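A look at the structure
Here is what each chain is made of, one letter per residue.
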Amino acid sequence: MCFWIVTYTDWACGFRQRTGRHRAECNRWTCRLSYSHRDDEHDCERDCTGCQMDDQHLIMEHNRGVCGECREAGRGVGEHPGGGPNNGANGANGTNGTNGAARYSHVGVPGELDDWPQ
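Residues numbered from 1 in each chain as written. Predicted model: local features only at pLDDT ≥ 70, side-chain atom pairs only at ≥ 80, totals over all residues. Heavy atoms only, no water.

Some remarks on the overall build of the chain
Along the chain, the regular secondary structure elements total two helices and four strands. Along the chain, helices and strands appear, N-terminal first, in the series β-β-α-β-α-β. Within the chain, the proportion of its 118 residues that are buried is 31%. Summarising the internal contacts of the chain: among those between residues at least 6 apart in sequence, 53% fall at separations of at least 24. Of the roughly 7,300 Å² of accessible surface on the chain, 47% is carried by carbon and sulfur atoms. (Helix = DSSP H or I, 4+ residues; strand = E, 2+ residues; numbered from the N terminus. Buried < 20%, exposed > 50% of the residue type's maximum accessible area, 1.4 Å probe, protein only. Contact = heavy atoms within 4.5 Å. Areas by Shrake-Rupley, 256 points an atom, 1.4 Å probe, with all protein chains shown as cover.)

And the structure:
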């Protein structure tokens, strides 16, 4: 099954910034969404799948600074307006393209997040 990887950077102010969207190709000839889907005569309805997996949301970076908006407004750690993943609002705010319903995975070195604000 093919899917999209959506990448983010978390800022110390609580803003989760979307940084990219990347297609993950399964390369299965039975997947209708794959570039490898077979193009010969076959019963696609019976033999193939066509459901795309849910987007995978990965937080790739943790920036210890505040975002540009907060820097300009003089706000500090955990003070991004509208809440955010790091300041107790149960998900990112609406300005970064998410609604808090997505499940995020953190990519990082063990111990890297130990002192990150929760």
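Topic: the pairing of strand β2 (residues 16-24)
By the bridge criterion, eight bridges tie strand β1 (residues 3-11) to β2 in an arrangement that is antiparallel. Across the sheet, Tyr8 pairs through a bridge with Arg18, a residue of β2. Counted between consecutive antiparallel strands, the loop separating β1 from β2 contains four residues, among which Gly14 sits at a positive phi close to 110°. (Pairing = 2+ DSSP bridges.)

Let's talk about the packing of aromatic side chains
Within this structure, the stated rule accounts for zero aromatic pairs. When the ring centre of Trp4 is taken as reference, the NZ or CZ atom of Arg21 above it lies at 3.9 Å. (Phe/Tyr/Trp six-rings, centres within 6.5 Å; stacked < 30°, edge-to-face > 60°. Lys NZ or Arg CZ within 6 Å of the ring centre and 35° of its normal.)

Examining the environment of Cys67
For Cys67, the location among the structural elements is in the loop between β3 (56-63) and α2 (68-73). Residue class for Cys67 comes out buried when judged on its relative accessible area of 5%. The residues contacting Cys67, other than those within four sequence positions of it, are Trp11, Cys13, Phe15 and His80.

A look at the pairing of β1
For β1, a buried count of seven out of nine residues is recorded, marking the element as mostly surrounded by other parts of the structure. Judged from the seven bridges that link them, β1 and β3 form a sheet pairing that is parallel. In the strand pairing of β3, Val6 is matched with His57.

Focus on the side chain of Thr7
Tracing the chain through its elements places Thr7 in strand β1. Thr7 has contacts with Gln17, Arg18, Thr19, Gly20, His22, Leu58 and Met60, leaving out every residue within four places of it along the chain.

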